[in-house]
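Secondary and tertiary structure notes
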Amino acid sequence: SQELEQSPQSLIVQEGKNLTINCTSSKTLYGLYWYKQKYGEGLIFLMMLQKGGEEKSHEKITAKLDEKKQQSSLHITASQPSHAGIYLCGADGNTDKLIFGTGTRLQVFP
Amino acid sequence: DVKVTQSSRYLVKRTGEKVFLECVQDMDHENMFWYRQDPGLGLRLIYFSYDVKMKEKGDIPEGYSVSREKKERFSLILESASTNQTSMYLCASSFFANEKLFFGSGTQLSVL
């Protein structure tokens, strides 16, 4: 079965710093989703990547899909306290359901 | 906007109780899912449903059952709650099975 590994597991950064979260798949990626979760709440959809080399941005968050490496990265520029939360990647492994990584917990301090 | 509503944000139950977690979506989605989320383990799929009265086991169905009598409602049932079922439970829905999911706010269940 397909597995998604996220790194790092947790991240503590100072406000204004850039950061990157990685999601690596054990199998070919057919689609990759990024979600954000505020502590104790549900998941909010951020972005979906479907093609190798695809890159999408929303405000200060950019996600890329490297199909050959079976990997996606999420980059946050000039982090803010509002970016704090848990980031999860989800993948469509050409099955009938999405699977998720274990998440990366991000803390941003002033 | 799609809305997925879970009936309770916090729930405290005793060991052995029968527990119902309710989830309702308002976008006429075909597919509905129940996940549980635990620290270090991420989201794990319990059950999912492609249509009314249809259900499929996910990765960790033991100790759970589900009911989907109407398209918009998907219930998760813990027949006899145990302490190892203390967890955050997340409901989700989608139009197609393996595409973008819309999540509810989650139910934090504590079994004492």
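Below is a short write-up of the structure. (Residues numbered from 1 in each chain as written. Chains lettered and ligands numbered in written order. Predicted model: local features only at pLDDT ≥ 70, side-chain atom pairs only at ≥ 80, totals over all residues. Heavy atoms only, no water.)

Concerning the state of the cysteines
The cut-off we apply is this: Count a disulfide wherever a pair of cysteine sulfur atoms falls within 2.5 Å. Helix and strand assignments follow DSSP, with helices taken as H or I runs no shorter than four residues and strands as E runs no shorter than two, numbered in order from the N terminus. The buried label goes to any residue with under 20% of its type's maximum accessible area, the exposed label to any with over 50%, and the partly exposed label to all in between, with areas taken from a 1.4 Å probe on protein chains only.
All told, the structure shown has two disulfides over all chains when counted by the stated rule. With a sulfur-sulfur separation of 2.0 Å, Cys 23 of chain A is cross-linked through a disulfide to Cys 89 of chain A. Negative torsions about the S-S bond denote left-handed disulfides, and the value of about 75° found for Cys 23 of chain A with Cys 89 of chain A makes this one right-handed. Of the two residues, Cys 23 of chain A sits in strand E3 (residues 19-25) while Cys 89 of chain A sits in strand E9 (residues 85-92), which places them 66 residues apart along the sequence. With a relative accessible area of 0%, Cys 89 of chain A lands in the buried category. Between the sulfur of Cys 23 of chain B and that of Cys 91 of chain B lies a disulfide, 1.9 Å long from S to S.

Examining the sheet that holds strand E6 (residues 55-58) of chain A
All names here are of chain A. Going by this rule: For two strands to be treated as a pair, DSSP must find at least two bridges joining them. To get an axis, a line is fitted to the C-alpha atoms, and for a helix only the part in contact is used. The angle between two axes follows their N-to-C directions and goes from 0 to 180 degrees.
Across the sheet, five strands lie side by side as E1-E3-E8-E7-E6; this open sheet has antiparallel pairing. The open sheet has two edge strands, strand E1 (4-7) and E6, and neither has a second partner. Going across the sheet, the axis of each strand differs from the next one's by a mean of 15°, ignoring polarity.

Looking at the layout of surface pockets
Where empty space is left in the structure can be found by rolling a water-sized probe over the atoms. What counts, and what does not: Cavities and pockets are found on a 1 Å grid laid over the protein atoms alone: a cavity is a set of points where a 1.4 Å probe fits but cannot escape, a pocket is an open set with protein on both sides within 12 Å along at least five of seven lines, and a lining residue has an atom within 4 Å of such a point. Grid points are joined across faces, edges and corners, and a volume is the space filled by probe spheres set on the points. Polar here means any residue other than Ala, Val, Leu, Ile, Met, Phe, Trp, Tyr, Cys and Pro, which are nonpolar, and Asp, Glu, Lys and Arg, which are charged; Gly is therefore polar.
Taken as a whole, the largest pocket spans an internal volume of roughly 610 Å³. Lining the largest pocket are 25 residues; nearest its centre among them are Gln 2, Glu 3, Ile 99 and Phe 100 of chain A together with Asp 59 of chain B. Taken together, the elements giving at least two residues each to the lining of the largest pocket come down to E1 and strand E10 (98-100) of chain A together with strand E6 (42-49) of chain B. Classifying every residue of the lining of the largest pocket by side-chain character gives 10 nonpolar, nine polar and six charged. There is about 430 Å³ of room inside the second largest pocket. Across the lining of the second largest pocket, the residue classes tally to five nonpolar, 12 polar and three charged.

Examining the nonpolar core
To be explicit about the condition: Among buried residues, those of type Ala, Val, Leu, Ile, Met, Phe, Trp, Tyr and Cys that are joined through side-chain atoms within 4.5 Å constitute a nonpolar core.
Counting 23 residues, the largest nonpolar core has Leu 32, Trp 34, Leu 74 and Leu 106 of chain A as the members making the most contacts within it. When residues of this core are traced back to their parent elements, those giving at least two are strand E2 (10-14), E3, strand E4 (32-37), strand E5 (43-49), strand E7 (61-66), strand E8 (71-76), E9 and strand E11 (104-109) of chain A. Ranked by size, the runner-up nonpolar core spans 20 residues in total, among them Tyr 47, Phe 74, Leu 76 and Leu 78 of chain B.

Some thoughts on the interface of chain B and chain A
To be explicit about the condition: Contacts: residue pairs with any heavy atoms within 4.5 Å of one another. The term buried area means the drop in 1.4 Å probe accessible area that two parts suffer when joined, counted for both and summed. By salt bridge we mean one thing: a side-chain nitrogen of Lys or Arg within 4 Å of a carboxyl oxygen of Asp or Glu. Polar contact is the term for a pair of N or O atoms within 3.5 Å; when the atoms are in protein, one must be able to donate a hydrogen and the other to accept it, and sequence-neighboring residues count only if both atoms are side-chain atoms.
Between chain B and chain A, the residue contacts involve 22 residues of the former and 17 residues of the latter. Of the roughly 1,600 Å² buried where chain B meets chain A, counting both sides, 57% is carbon and sulfur surface. At the boundary of chain B and chain A, one finds zero salt bridges. Where chain B meets chain A, there are six residue pairs in polar contact (both at pLDDT 80 or more). Only strand E5 (31-38), E6 and strand E10 (87-94) of chain B provide two or more residues apiece to the side of chain B that touches chain A. Ranked by residues supplied to the side of chain B that touches chain A, first place goes to E6 of chain B with four residues. Looking at the side of chain B that touches chain A residue by residue, the class counts come to 12 nonpolar, six polar and four charged.

Regarding the environment of Ser 105 of chain B
Note on placement: Ser 105 of chain B falls in the loop between strand E11 (102-103) and strand E12 (107-111). Sequence separation between Ser 105 of chain B and Leu 90 of chain B is 15 residues, and the spatial gap between their C-alpha atoms is 7.1 Å.

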